[in-house]
Amino acid sequence: MQTFSSSTPIAAPREIAWEVMTSHELYARWTPASRVDLEIEGSPEPNGVGAVRAFRTGPVSTREEVTVFEPPHRMVYRLLSAPLPIRNYRSEMILVGDDGGDSCELHWDSWFDVVIPLTGGILRNFMASAVAKMAAGIAEEAQSRAQSA
């Protein structure tokens, strides 16, 4: 099993960071995906438990399902399909910060198994880089929204 983690400070209240972090519509702004569709709505909110999000880049699609949704601090998802030789990918995103505070931190932990032996390090580095870019995009969007508020 491969693992990686990141921590990203966000100069915005946790509630704003949560709104950004869980909004599938925004992800196309900071991912290689040209669009992100909500294939199945979740509960109790559209991006909640059971939501299936598809990240589309041309004909390639990566699909994930939200498995835990605990506003405003924790979301867990698992990968349903991806154009990568991995399986059993799951991530936990936790926003740490006080309610009403003006900053928080995003902790993003991920786990997956490799399909092709000896590719774990390369895939881990690739996935960690992608997550770091997404976390930076979440932070930038949340900070921008906090400054506008």
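The following refers to the structure shown.

What counts, and where the lines are drawn
- Residues numbered from 1 in each chain as written.
- Predicted model: local features only at pLDDT ≥ 70, side-chain atom pairs only at ≥ 80, totals over all residues.
- Heavy atoms only, no water.
- Salt bridge = Lys/Arg side-chain N within 4 Å of Asp/Glu carboxyl O.
- Helix = DSSP H or I, 4+ residues; strand = E, 2+ residues; numbered from the N terminus.
- Buried < 20%, exposed > 50% of the residue type's maximum accessible area, 1.4 Å probe, protein only.
- Pairing = 2+ DSSP bridges.

**A short note on the pattern of salt bridges**
Here's step 1: Applying the stated rule across the entire model yields 10 salt bridges.
Here's step 2: Notably, a salt bridge pairs Arg29 with Glu141, separated by 2.9 Å at the nearest N-O pair. In this pair, Arg29 sits in the loop between α1 (14-21) and β2 (35-40) while Glu141 sits in helix α2 (residues 120-148), placing the two residues 112 residues apart along the sequence.
Here's step 3: A salt bridge links Arg74 to Glu92, with the nearest nitrogen and oxygen atoms 2.5 Å apart. With Arg74 in strand β5 (residues 74-81) and Glu92 in strand β6 (residues 86-96), this residue pair connects regions lying 18 residues apart in the sequence.
Here's step 4: With a relative accessible area of 17%, Glu92 lands in the buried category.
Here's step 5: Through salt bridges with shared partners, one network takes in Arg35, Asp37, Glu39, Arg56 and Arg63.

**So, the pairing of strand β4 (residues 60-70)**
Here's step 1: Pairing of strand β3 (residues 52-57) with β4, which is carried by 6 bridges, proceeds in the antiparallel orientation. Residue Val52 lies in a different strand from β4, and its bridge partner there is Glu65.
Here's step 2: Following β3, the chain reverses through 2 residues before pairing antiparallel with β4; Gly58 in that reversal takes a positive phi of roughly 60°.
Here's step 3: Bridging between β4 and β5 involves 7 bridges; their strand directions are antiparallel. Within β5, the position partnered with Glu65 by the bridge is Arg78.
Here's step 4: Between the end of β4 and the start of β5, which pair antiparallel, lie 3 residues.

**Considering unusual backbone geometry**
Here's step 1: Across the junction of Ser43 and Pro44, the peptide omega takes the value 0°, indicating a cis bond.
Here's step 2: Take Pro44: it is sitting in the loop between β2 and β3.
Here's step 3: The linkage connecting Pro71 with the following residue, Pro72, adopts the cis geometry, with an omega of -10°.
Here's step 4: Considering the arrangement of structural elements, one finds Pro72 in the loop between β4 and β5.
Here's step 5: Despite not being glycine, Asn88 shows a phi value in the positive range, around 60°.
Here's step 6: Looking at where Asn88 falls in the secondary structure, it is placed in strand β6.
Here's step 7: Phi angles above zero are rare outside glycine, and Leu118 is one such case at about 70°.
Here's step 8: Assignment of secondary structure puts Leu118 in the loop between β7 (104-114) and α2.

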